[in-house]
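What follows is the residue order along each chain.
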Amino acid sequence: MATRQEEEPRPVSLAHRSIAAAGASVVSAFVVNPLDVVKTRIQAQSAVDANRRLLREQSQTLLEKWNFAACECVRVQPPPAGGAPCGPACTTVYTGTLDGLRKIARREGLGTLWRGTDVALMMAIPMVGIYLPLYDYLLEQTQQLASNSGGGAGNAWAPLAAGALARAAAVYATAPFELVRTRLQAAAAAPAPAPAALAAAGAECSPGRRAAMLLQHVPAAGASGPGGRLRAAGRMWTGVGATLARDVPFSALYWGLVEPIRAALLPPVGSNHSEWQVFTANVTAGAVAGGLAGAITTPFDVLKTRAQLATDRAHPLLTGLRSIAREEGLAALFRGWSARSAKAAPACAIVLSSYELIKHIYD
């Protein structure tokens, strides 16, 4: 990285980098998962509302098939004759981050706020060996290239280029996990008191069976023939374009902000850095850069959530953005921005500070 304790630092091994990234990712997954669940619910809820207004498109989504977002059961069309209507919870909406946390905890239990954590931990495995270590390597190479070419301006764009390339590689590696996690987080857990009513309404009552239904929808099996299996495997990367459009600019913005903020907070290169200085500088830089980058890239996060919750054909990125802005207003592109920013700030602070502190100790 850009900061080192000695003038001629010993290179940190890949094993040490991986240990640092693994520990940071595990801690971050447990701490910020509730905010990620609320953010996904708010964005899924807006998609439910849009589908209700745009019935003419007859777009079948997971939001219509299961009890997603704020409702215990979601119906786009009226129930059949004699069928039970949706419960009263379907009139409830999440008005913000704190409101979402309260309602989810009260209606579905605190455990729901950590739904998808196991998948997040599985995502950390490929992320460990790809994102942060690859960023370190690419940053060193781009800075060396800029120095050899005599261009001082190269050090300014080096973090942006390294962050964007490293994140793109990590996104492709973790896309199937991200798809499953998004769908799990969007699914609402039915409250225990009224299983008969929910069963009559066509909703699955058992959380385990409902999760099984959800995972069956992920196109990993059920296709016959080599061609069918190949197409099903390809659909595991549903929404990867929107994820890249979200994460690549996020990483470029994030590292472009982290490096100058951290450099301003740490003593000059070549002087001794205490563990406390390394920790506080990286916590501050990670929180500020992560919060800002998260808020700015929210429109692509909204598009990613909708793409991964849909079963019909995804629209091109710009078409999807224009459609949301035209039908629901520009504000719809920033639904869940506060939860996303509140999640990104501590997550980035935890990951960056832990990663750099462990590297500093090993160095």
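Residues numbered from 1 in each chain as written. Predicted model: local features only at pLDDT ≥ 70, side-chain atom pairs only at ≥ 80, totals over all residues. Heavy atoms only, no water.

**Looking at the packing of helix 9 (residues 240–265) against helix 10 (residues 275–296)**
Packed helix pairs are specified by the crossing angle of their axes together with the interaxial distance, meaning the distance between the axes.
So, step 1. Running from N to C, helix 9 and helix 10 point in directions that differ by 150°, and their axes come no closer than 8 Å. Here helix 9 is positioned roughly antiparallel relative to helix 10, judged by the angle of their axes. In terms of crossing hand, the pair formed by helix 9 and helix 10 is right-handed. Taken together, the residues of helix 10 that come into contact with helix 9 (itself represented by Phe-250, Leu-253, Tyr-254, Leu-257, Val-258, Ile-261, Arg-262 and Leu-265) are Ala-281, Asn-282, Thr-284, Ala-285, Gly-286, Val-288, Ala-289, Gly-290, Leu-292, Ala-293, Gly-294 and Ile-296. (Axes fitted to C-alpha atoms, helices over the stretch in contact; angles between N-to-C directions. Helix = DSSP H or I, 4+ residues; strand = E, 2+ residues; numbered from the N terminus. Parallel < 35°, antiparallel > 145°, perpendicular 65-115°, else oblique. Left-handed = near helix turned anticlockwise from the far one by under 90°. Contact = heavy atoms within 4.5 Å.)

**Here we look at the nonpolar core**
So, step 1. Core analysis: the largest hydrophobic core is formed by 25 residues, its most contacted members being Tyr-131, Leu-132, Tyr-135, Phe-250, Tyr-254, Trp-255 and Val-258.
So, step 2. Mapped by element, the contributors of at least two residues to this core are helix 1 (14–53), helix 4 (117–148), helix 5 (154–186), helix 9, helix 10 and helix 13 (337–362).
So, step 3. When residues of this core are assigned to their parent elements, the largest contribution, six residues, is made by helix 4.
So, step 4. For Leu-132, the contacting residues outside a window of four places in its chain are Ala-21, Met-127, Trp-255, Val-351 and Tyr-355. (Core = buried A, V, L, I, M, F, W, Y, C linked by side-chain atoms within 4.5 Å. Buried < 20%, exposed > 50% of the residue type's maximum accessible area, 1.4 Å probe, protein only.)

**Regarding the side chain of Asp-301**
So, step 1. As for its position among the elements, Asp-301 is in helix 11 (residues 298–309).
So, step 2. In this structure Asp-301 comes out as buried when scored by relative accessible area, which is 0%.

**Here's the deal with the packing of aromatic side chains**
So, step 1. Inspection of every chain in the model, using the stated rule, returns four aromatic pairs.
So, step 2. Taking 3.8 Å as the distance between ring centres and 15° as the angle between the ring planes, the aromatic pair formed by Tyr-135 and Trp-255 counts as stacked. Linking Tyr-135 in helix 4 with Trp-255 in helix 9, this pair joins segments that are 120 residues apart in sequence. There is no split in this pair, since Tyr-135 and Trp-255 are both buried.
So, step 3. Note on Tyr-254 and Trp-255: the rings are 4.9 Å apart at their centroids and 70° apart in plane angle, and the pair reads as edge-to-face. Each member of the pair, Tyr-254 as well as Trp-255, is classed as buried.
So, step 4. Chaining the aromatic ring pairs together yields one cluster made of Tyr-135, Phe-250, Tyr-254 and Trp-255.
So, step 5. Here the basic side chain of Arg-167 rests over the ring of Tyr-131, its NZ or CZ set 4.8 Å away from the ring centre. (Phe/Tyr/Trp six-rings, centres within 6.5 Å; stacked < 30°, edge-to-face > 60°. Lys NZ or Arg CZ within 6 Å of the ring centre and 35° of its normal.)

**Quick word on the environment of Ser-28**
So, step 1. Summarising the element assignment, Ser-28 is placed in helix 1.
So, step 2. Classification of Ser-28 by relative accessible area gives buried; the value is 8%.
So, step 3. When neighbours within four sequence positions are excluded, Ser-28 is seen to be in contact with Asn-33, Ala-347, Ile-350 and Val-351.

**Things to note about the pattern of salt bridges**
So, step 1. Tallied over the entire structure, the rule returns 17 salt bridges.
So, step 2. For the salt bridge of Glu-259 with Arg-262, the shortest nitrogen-to-oxygen distance reads 3.0 Å. Placement of both Glu-259 and Arg-262 in helix 9 is noted, with a separation of three residues, approximately one turn of the helix. The same class applies to Glu-259 and to Arg-262, which are both buried.
So, step 3. Note that Arg-335 and Glu-328 form a salt bridge whose closest N and O atoms lie 3.7 Å from each other.
So, step 4. What makes Glu-328 buried here is its relative accessible area of 16%.
So, step 5. Linked by salt bridges that have partners in common, Asp-36, Lys-39, Arg-167, Glu-178, Arg-181, Arg-246, Asp-247, Asp-301, Lys-304 and Lys-343 make up one network. (Salt bridge = Lys/Arg side-chain N within 4 Å of Asp/Glu carboxyl O.)

**Digging into helix 11**
So, step 1. With 12 residues, helix 11 ought to run about 16 Å at 1.5 Å a step, and its terminal C-alpha atoms sit 17 Å apart, in line with that.
So, step 2. The element helix 11 is extensively covered by neighbouring structure, given that 11 of its 12 residues are classed as buried.
So, step 3. Along helix 11, the residues that are buried comprise Thr-298, Pro-299, Asp-301, Val-302, Leu-303, Lys-304, Thr-305, Arg-306, Ala-307, Gln-308 and Leu-309. (Expected span 1.5 Å × (residues − 1).)

**Details of a nonpolar patch on the surface**
So, step 1. Taken together, the side chains of Val-26, Val-27, Phe-30, Val-31, Leu-110 and Trp-114 present a nonpolar region at the surface, about 540 Å² in accessible area.
So, step 2. Here Leu-110 is to be found in the loop between helix 3 (97–108) and helix 4.
So, step 3. With a relative accessible area of 56%, Leu-110 lands in the exposed category. (Patch = residues over 30% accessible without salt bridge, like charges linked within 9 Å, V, L, I, M, F, W, Y side chains within 5 Å. Areas by Shrake-Rupley, 256 points an atom, 1.4 Å probe, with all protein chains shown as cover.)

**Considerations on the confidence of the model for the protein**
So, step 1. Per-residue pLDDT for the protein averages 74, and the proportion of residues at 70 or more is 67%.
So, step 2. This model gives residues 1–9 a pLDDT under 50, and the stretch forms 32 contacts once residues within four places in sequence are excluded.
So, step 3. A low-confidence stretch, residues 83–91 stays under pLDDT 50, and its non-local contacts, those more than four residues away or across chains, total 17 contacts. (pLDDT = per-residue confidence, 0-100.)

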